[in-house]
Amino acid sequence: MLITEPHLETPDDFYEALIDAHRELAAVQSHELNAKLVLLLANHIGELAVLKQALSAARASTLASAGGSAVAPLSEASRA
């Protein structure tokens, strides 16, 4: 089961470490770091059902925060 309640011992320290990891990276390197981090953490979790819950929750949150923005979905933007 996906834990969605605050669970980090020191969330501010993690956030600082995450920002530091991205410091001085080009945008493409930052995206690569995020992808590698996701894959490493997915491997650590190891349960497909939990990972699918996380993907669904992250996508729903992203769509909700977009609030009707004019940004086209990737599939549409890639055809332009």
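Q: Report on the pattern of salt bridges, specifying residues and quantitative values.
A: All chains considered together, the criterion is met by two salt bridges. A salt bridge links Asp 20 to Arg 23; the nearest nitrogen and oxygen atoms lie 2.4 Å apart. Residue classification places Asp 20 among the partly exposed residues on the basis of a relative accessible area of 37%. Look at Arg 23 and you get partly exposed, because its relative accessible area is 48%. A salt bridge links Lys 36 to Glu 32, with the shortest nitrogen-to-oxygen separation between them at 2.8 Å. With Lys 36 and Glu 32 both in helix 2 (residues 27-45), this residue pair falls four residues apart, about one helical turn. Overall, Lys 36 belongs to the partly exposed group, its relative accessible area being 48%.

What counts as what
- Residues numbered from 1 in each chain as written.
- Predicted model: local features only at pLDDT ≥ 70, side-chain atom pairs only at ≥ 80, totals over all residues.
- Heavy atoms only, no water.
- Salt bridge = Lys/Arg side-chain N within 4 Å of Asp/Glu carboxyl O.
- Buried < 20%, exposed > 50% of the residue type's maximum accessible area, 1.4 Å probe, protein only.
- Helix = DSSP H or I, 4+ residues; strand = E, 2+ residues; numbered from the N terminus.

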